[in-house]
Amino acid sequence: MAIESGRCIESSTNLELPCYAAGVATTGLRELKKARTRRLIAETAARLFAERGYERVAVSDVAREAEVAEQTVYNYFPTKDKLVTDREQQIQDRLCDLIRSRPPALTPAAAIRDFVLDETLAGIPAIPPEIWRGELGHLAAISPTVHRLMLELTDRQATALAAAIGDTTAVTPEVARLQGIALAAVFRIIIGDAGRRTVEGQSQTEIARELRPMVENVLDELDRWLSLS
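What counts as what
All chains use their own residue numbering, which begins from 1 and follows the written sequence. Totals for whole chains, interfaces and linings use all residues, but because this is a predicted model, local features are given only for residues with pLDDT of at least 70 and pairs of side-chain atoms are given and counted only at 80 or more. Hydrogens and water are ignored here; the side-chain numbers use all heavy atoms of the structure. Every axis in this analysis is a line fitted to C-alpha atoms, fitted for helices over the stretch in contact. Angles between the N-to-C directions lie between 0 and 180 degrees. A run of DSSP states H or I qualifies as a helix once it reaches four residues; a run of E qualifies as a strand once it reaches two. Both are numbered from the N-terminal end. To sort the angles, those under 35 degrees are grouped as roughly parallel, those over 145 as roughly antiparallel, those from 65 to 115 as roughly perpendicular, and the leftovers as oblique. Handedness of each helix crossing follows the sense of rotation of the near helix against the far helix: counterclockwise by less than a right angle gives left-handed, clockwise gives right-handed. Note on definitions: a residue-residue contact is assigned when non-hydrogen atoms from the two residues lie within 4.5 Å. Residues are sorted three ways: Asp, Glu, Lys and Arg are charged, Ala, Val, Leu, Ile, Met, Phe, Trp, Tyr, Cys and Pro are nonpolar, and all the rest, Gly among them, are polar. For salt bridges, the criterion is a side-chain nitrogen of Lys or Arg within 4 Å of an Asp or Glu carboxyl oxygen. Under the scheme applied here, a residue whose accessible area is under 20% of the maximum for its type counts as buried, over 50% as exposed, and between as partly exposed, the area being computed with a 1.4 Å probe on protein chains only. Residues belong to one nonpolar core when they are buried, are Ala, Val, Leu, Ile, Met, Phe, Trp, Tyr or Cys, and are joined through side-chain atoms within 4.5 Å. N or O atoms within 3.5 Å of each other form a polar contact, as long as, within protein, one can give a hydrogen and the other can take it, and as long as residues adjacent in sequence are counted only when both atoms are side-chain atoms. For a helix, the expected span equals 1.5 Å multiplied by the residue count minus one. A residue's pLDDT is simply how confident the predictor is in it, with values from 0 to 100.

**Student:** What should I look at first to understand the packing of helix α4 (residues 82-100) against helix α5 (residues 108-121) in this one?
**Tutor:** When two helices pack together, their arrangement is captured by the angle between the axes and the distance separating the axes. Taken N-terminus to C-terminus, the directions of α4 and α5 make an angle of 130°; their axes are 9 Å apart at the nearest point. By the criterion of interaxial angle, the relationship of α4 to α5 is oblique. Considering how the two elements wind past one another, α4 and α5 form a crossing that is right-handed. For the pair α4 and α5, the contacting residues are I91, R94, L95, L98 and I99 in the first and P108, A111, I112 and F115 in the second. Of the residues contributing to the contact of α4 with α5, the split by class is eight nonpolar, no polar and one charged.

This is the structure in structure tokens:
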């Protein structure tokens, strides 16, 4: 078997599986490289936002620090604000997946509980401090521009969660919307409190520890309410 530019030259029946494997390997490496580049750009932007403030950082600054072309940044993050809100968009997608795939007897609040507590909150101490201060929570606490972005993001999150609830729960669209707003409010609380506490000088470990019981209580109350729907 010969491979040229990532494709197999020979295509006899006996070589179909090796050719397929080679193609999968090439695709896997390509996706891994793209993921690494995306993470490099995001972390570079967060570090610069933490050092200089959101308003004082241009996309060209991020590209220069990350040692990539400016167009490469735009390929991954079409607008500057996506450099701040992209991780929350990934969280939104995960929440919608959890709601849509939950067992019928489980409420939407119960479906997202473990992810919120054991991944989102528990992961806060693991974020490097120089990155943490460039994340949405801290930036929203010190920048009116980013605060507005945060409010817009949680509004979009409420709409997406309402759609997931409406697709999987026998409730009216108005009730689904109300439930989506309630669940999105959990993340508005997390983002807002984490940012405020960071400004006040609390460590990431303290923030995660103190937020957990508060968020647990909110999720428990939402679970009780949604179980009546």
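Continuing now.
**Student:** Where do I start with the pattern of salt bridges in this structure?
**Tutor:** Pairs may arise between side chains of opposite charge once their charged atoms sit close together. Inspection of the entire model under this criterion finds 20 salt bridges. Measuring nitrogen to oxygen at the nearest pair gives 3.8 Å for the salt bridge that ties E216 to R113. Here R113 lies in helix α5 and E216 lies in helix α10 (residues 204-226), a separation of 103 residues in the sequence. Judged by its relative accessible area of 24%, R113 is partly exposed. In this structure, R212 and E216 form a salt bridge, with 3.7 Å as the shortest nitrogen-oxygen distance. Within this pair, R212 and its partner E216 are both found in helix α10, separated by four residues, close to a single helical turn. In this structure, a network of salt bridges that share partners links the residues R113, D118, R212, E216 and D220.

**Student:** Even after reading the chapter, I still don't get the nonpolar core, so can you show me in this structure?
**Tutor:** Generally speaking, nonpolar side chains in soluble globular proteins are found buried as a group. Residues I112, L183, I190 and V215 are the most contacted members of the largest nonpolar core, which totals 37 residues. Breaking this core down by element, the ones donating at least two residues are α4, α5, α6 (129-132), α8 (144-168), α9 (173-199) and α10. For this core, the element with the highest residue contribution is α9, accounting for eight residues. If near-sequence neighbours (up to four positions away) are discounted, L183 is found in contact with I99, P108, A109, I112, L161, I165 and L222.

**Student:** Honestly, the side chain of T198 in this entry has me stumped. Any pointers?
**Tutor:** Within the secondary structure, T198 is located in helix α9. Within the structure, T198 has its side chain in polar contact with the side chain of W132 (distance 2.9 Å). A distance of 2.7 Å separates a polar atom in the side chain of T198 from the backbone oxygen of A194. Aside from chain neighbours lying at most four places away, what touches T198 is W132, R133, H138 and I207.

**Student:** Just checking my understanding: could you explain the side chain of D86 for this structure?
**Tutor:** For D86, the location among the structural elements is in helix α4. Residue D86 is classed as buried on the basis of its relative accessible area of 15%. A polar atom in the side chain of D86 sits 2.8 Å from the side chain of Q90. Filtering out sequence-adjacent residues up to four positions away, D86 remains in contact with R38 and F77.

**Student:** Hey, could you run me through the environment of D81 in this one?
**Tutor:** Along the chain, D81 falls in the loop between α3 (70-76) and α4. Accessibility expressed as a relative area gives 23% for D81, which makes it partly exposed. Here D81 is in contact with Y54 and L149, once residues within four sequence places are set aside. A distance of 2.8 Å separates polar atoms of two side chains, one belonging to D81 and the other to T79.

**Student:** Just checking my understanding: could you explain α8 for this structure?
**Tutor:** One turn of the α-helix equals 3.6 residues, which is why residues spaced by three or four share an orientation. When the terminal C-alpha atoms of α8 are compared, their 36 Å separation across 25 residues agrees well with the 36 Å that a helix rising 1.5 Å per residue should span. All of the buried residues along α8 are V146, L149, M150, L153, T154, Q157, A158, A160, L161, A162, A164 and I165. Elements that come into contact with the buried residues of α8 comprise α4, α5, α7 (136-142) and α9.

**Student:** What is the right way to look at the confidence of the model for the protein in this model?
**Tutor:** Detail in the predicted coordinates should be disregarded across regions flagged by low pLDDT. For the protein, per-residue confidence averages 90 on the pLDDT scale, and residues scoring 70 or more make up 89% of the total. By mean pLDDT, strand β1 (residues 3-4) is the weakest element of the protein at 42, and helix α2 (residues 59-66) is the strongest at 97.

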